[in-house]
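Listed below, chain by chain, are the residues.
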Amino acid sequence: MTLEPILAEVEFFRGMKQEHLALVAGCAQNVRYDRGEFAGRVGDPADKFWVVREGRMALELHTPNRGAITIATMTEGDVVGFSWLLPPYQLRFDVHVLQPTRALMFDGACLRGKCVADPSLGLDLYQRVTRIIAERLEAMSLQLLDVYGEHPIETD
Amino acid sequence: MASIPSRPIDAATLGAGPVARDPMRPEPWRIVRVVNETRDTFTLTLEREGPDARAPFSFRPGQFNMLWSFGVGEVPISMSGPPGETRHIVHTMRAVGPVTRSFQTLRRGDVVGVRGPFGTAWPVDLAEGHDVVLVAGGIGLAPLRPAIYHVLQHRHRYGRVVVLFGARTPDDLLFGRELEAWRGRLDVDLDVTVDRAPPEWFGHVGVVTTLVPRAPFDASKAVAFVCGPEIMMHFAATDLEHRGVAAERVWISMERNMKCAVALCGHCQFGPTFVCKDGPVLRWDRMKPLLAVREL
């Protein structure tokens, strides 16, 4: 059964041309993870990325003295992983499954090949990914600001 | 504060809402309950003292009182308790400066000074018939809590009710029991996130604005109330607009250097707005241009 109808319902792909959806669907498969699993580890080849359909995954970094630090959590509709887009195609975060998760998993190498072969698909896909990266950067900026922290100006 | 004259001011000068007979004179209220919410945030429940001890107190969700710590100073703090409670008032505050730190040292039986209520309220009447989205960051949940109480008390008057709450860490989440109660209701959509979390936290990690795009409400008929640090409100209101909520249906609660609370001293003036009288609850479309001016 083709995954095109499922992809069409995912926010990330909303409005994508049918022929592009068909190309993307050719690189996709349904996957399922149990709580506690790692879908990927730092340094693994970034030959895949995910769109969460149900459940929760965390992007984590492990530090020697502080243990695992959660950078962000991803739930329904979220895209997980951008390292498949750029050399050296290696995961920069651990992808830790916090709740039983169903996801669409995409073969990054397969998609990159199709983007090169069909630049209009490449442009569309890269624009969608860029928008998400911009949103994540904005969210990370807010996290870095530590808006709920105690700041010297806050006195009474 | 000593330089501010203590003289009666007519109610029309003070804007909407009931006020004390002399809004510049603090009335004695006794602390009857202290709850430590987090490491630095606590809730005081107060009961009126003196000859007016039986006089009912009323306020509208979003309004604030000026709370006086005797010998230390006065601060504006929003009410955080149920708006229908006339015998007690509830204030939740974070110890960030000398006055709020002094409040943190007070115990049951101590007396504080209270002036108020002052300021504008969350437009809960205007929101009737609409989906209501309440976005809170950190201590910002406290000024929104009376609005949540009101909406839940009159649940049938509203569409979907969505509460989005962000805090720094799981240890900084306010009103844990109520969060659990609201999460358990079938007619409330509550989502909670934290900016940082230890491995044992299985909830959302990320800023509260990341909850806006996925929240279950109809943007075309939603009214949003946003309260938290100014930068958080800016991003949350912007994301609500991106989602399709009209700017004139988004309300924020501003905090400025409020001193007299009756628009006389000018300390809280923000462009043409006196935050103490025209606010603290203000419409986003009117505040957005002002918040973009660095000098303000």
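Residues numbered from 1 in each chain as written. Chains lettered and ligands numbered in written order. Predicted model: local features only at pLDDT ≥ 70, side-chain atom pairs only at ≥ 80, totals over all residues.

Account for the overall build of chain B, naming residues and giving values.
The secondary structure content of chain B amounts to 6 helices and 15 strands. Computed over its C-alpha atoms, the radius of gyration of chain B comes to 19 Å, within 12% of the 19 Å expected for a compact globule of 296 residues. On the principal axes, the C-alpha backbone points of chain B span a range of 50 × 40 × 40 Å. (Helix = DSSP H or I, 4+ residues; strand = E, 2+ residues; numbered from the N terminus. Rg over C-alpha atoms; globule rule 2.2 N^0.38 Å.)

Describe the sheet that holds strand β15 (residues 281-283) of chain B, with residues and values.
Residues and elements named next belong to chain B. In space, the 7 strands of this open sheet follow the order β10-β9-β8-β7-β11-β12-β15, with mixed pairing throughout. On the outer flanks of this sheet lie β10 (204-205) and β15, each paired with one strand and no other. Sheet topology note: the strand β8 (residues 161-167)/strand β9 (residues 189-194) ladder contains 6 bridges and is parallel. Bridging from a neighbouring strand, Val162 pairs with Asp189 of β9. (Pairing = 2+ DSSP bridges.)

Let's hear about the interface of chain A and chain B: which residues, and what values?
Taken together, the contacts link 20 residues of chain A with 26 residues of chain B. Elements with a minimum of two residues in the side of chain A that touches chain B: β4 (67-74), β6 (94-107) and α4 (119-145) of chain A. Broken down by element, the residue count for the side of chain A that touches chain B peaks at 5 residues, all from β4 of chain A. For the side of chain A that touches chain B, the residue count by class is 9 nonpolar, 8 polar and 3 charged. (Contact = placed C-beta atoms within 7 Å. Nonpolar A, V, L, I, M, F, W, Y, C, P; charged D, E, K, R; others polar.)

Let's hear about the domain arrangement of chain B: which residues, and what values?
Residue and element names in this part refer to chain B. As far as domains go, chain B holds domain 1 (11-118) and domain 2 (131-291). Tallying the contact residues gives 23 residues for domain 1 and 20 residues for domain 2. When residues of the side of domain 1 that touches domain 2 are traced back to their parent elements, those giving at least two are β3 (64-69), β4 (73-78), β5 (88-94) and β6 (111-118). Residue classes in the side of domain 1 that touches domain 2 are distributed as 10 nonpolar, 9 polar and 4 charged. (Domains from an automatic or database assignment.)

Tell me what's going on with the UniProt feature "binding site: [2Fe-2S] cluster" (unreviewed entry) in chain B, and back it up with residues and numbers.
All names here are of chain B. Within this numbering scheme, the UniProt entry marks Cys260, Cys265, Cys268 and Cys276 as carrying the feature "binding site: [2Fe-2S] cluster" (unreviewed entry). Spanning 17 residues, the named residues nonetheless gather at one spot, since no C-alpha pair among them exceeds 10.2 Å. Note that Cys265 resides in the loop between β12 (250-253) and β13 (269-270). A residue is classified by how many C-beta atoms lie within 10 Å of it, and Cys265, with 17 of them, is partly exposed. (UniProt positions renumbered as here; feature names shortened; annotations may be inferred. Buried ≥ 20, exposed ≤ 12 C-beta atoms within 10 Å, placed from the backbone.)

How would you sum up the nonpolar core? Please name residues and give values.
Membership of the largest hydrophobic core comes to 118 residues, with the highest contact counts inside it found for Leu134, Ala224, Val226 and Ala236 of chain B. Sort the elements by how many residues they give to this core and strand β3 (residues 48-63) of chain A lands first, with 7 residues. When we break this core down by domain, the ones giving at least three residues each are domain 1 (11-118) and domain 2 (131-291) of chain B. In this structure Ala236 of chain B touches Val135, Val208, Thr209, Val212 and Val226 of chain B, once residues within four positions along its chain are discounted. (Core = buried A, V, L, I, M, F, W, Y, C linked by C-beta atoms within 7 Å.)

I'd like a rundown of α4 of chain A, residues and numbers included.
Here α4 of chain A contains 27 residues, and its C-alpha end-to-end distance of 38 Å stays within 8% of the 39 Å for a straight helix at 1.5 Å per residue. Within α4 of chain A the residues assigned to the buried category are Leu121, Leu125 and Leu142 of chain A. Close packing links the buried residues of α4 of chain A with α2 (18-25) and α3 (108-117) of chain A together with α4 (230-243) of chain B. At the exit of α4 of chain A stands Asp146 of chain A, carrying a positive phi of roughly 50°. (Expected span 1.5 Å × (residues − 1).)

So what's going on with helix α2 (residues 141-153) of chain B? Residues and values would help.
Residues and elements named next belong to chain B. Its 13 residues give α2 an end-to-end C-alpha distance of 18 Å, which sits within 8% of 18 Å, the value for a rise of 1.5 Å per residue. When you tally the buried positions in α2, you get 10 out of 13 residues, the bulk of the element. Looking only at α2, the buried set comprises Leu141, Ala142, Pro143, Leu144, Arg145, Pro146, Ala147, Ile148, His150 and Val151. Along its buried surface, α2 packs onto β4, β5, β7 (131-137), β8, β11 (222-227) and β12.

Summarise the sheet that holds β5 of chain B; cite the residues concerned and give the values.
All names here are of chain B. Read from one edge to the other, the open sheet built from 6 strands follows the order β4-β3-β6-β1-β2-β5, with strand pairing classed as antiparallel. Edge positions in the open sheet fall to β4 and β5, since each of these has one partner strand only. Neighbour-to-neighbour, the strand axes of this sheet turn through a mean angle of 40°, independent of strand direction. As paired elements, strand β1 (residues 27-36) and strand β2 (residues 41-48) share 7 bridges and run antiparallel to each other. Each residue of the ladder has a partner; that of Ile31, found in β2, is Leu46. Sitting on the sheet, helix α1 (residues 98-105) is in contact with β2, β3, β4 and β5, with an inclination near 80° to β4. (Axes fitted to C-alpha atoms, helices over the stretch in contact; angles between N-to-C directions.)

Got a sec to walk through the packing of α3 of chain A against α4 of chain A? Specific residues and values, please.
Residues and elements named next belong to chain A. In contact at an axis separation of 5 Å, α3 and α4 are set at 125° when each is read in the N-to-C sense. Between α3 and α4, the interaxial angle falls into the category oblique. Of the residues in α4, those touching α3 at Lys114, Cys115 and Val116 are Leu121, Gly122 and Leu125. Tallied by class, residues from the contact of α3 with α4 come to 4 nonpolar, 1 polar and 1 charged. (Parallel < 35°, antiparallel > 145°, perpendicular 65-115°, else oblique.)

Would you mind going over the confidence of the model for chain B in detail, with residue names and values included?
The predicted coordinates ought not to be read in detail in places where the model reports low pLDDT. Residue and element names in this part refer to chain B. Averaged over chain B, the pLDDT score is 90; the fraction of residues at 70 or greater is 93%. Note on residues 1-20: pLDDT is under 50 here. Beyond four places in sequence and across chains, it has 32 contacts. In the predicted complex, the global pTM is 0.88; the interface-specific ipTM is 0.84. (pLDDT = per-residue confidence, 0-100.)

If you had to explain the environment of Phe225 of chain B to someone new, which residues and values would you point to?
Residue and element names in this part refer to chain B. Looking at the element boundaries, Phe225 is found in strand β11. In the structure, Phe225 is positioned 119 residues away from Leu106 in sequence and 32 Å away in space, judged by C-alpha atoms. If near-sequence neighbours (up to four positions away) are discounted, Phe225 is found in contact with Trp122, Leu134, Leu144, Ala147 and Trp251.

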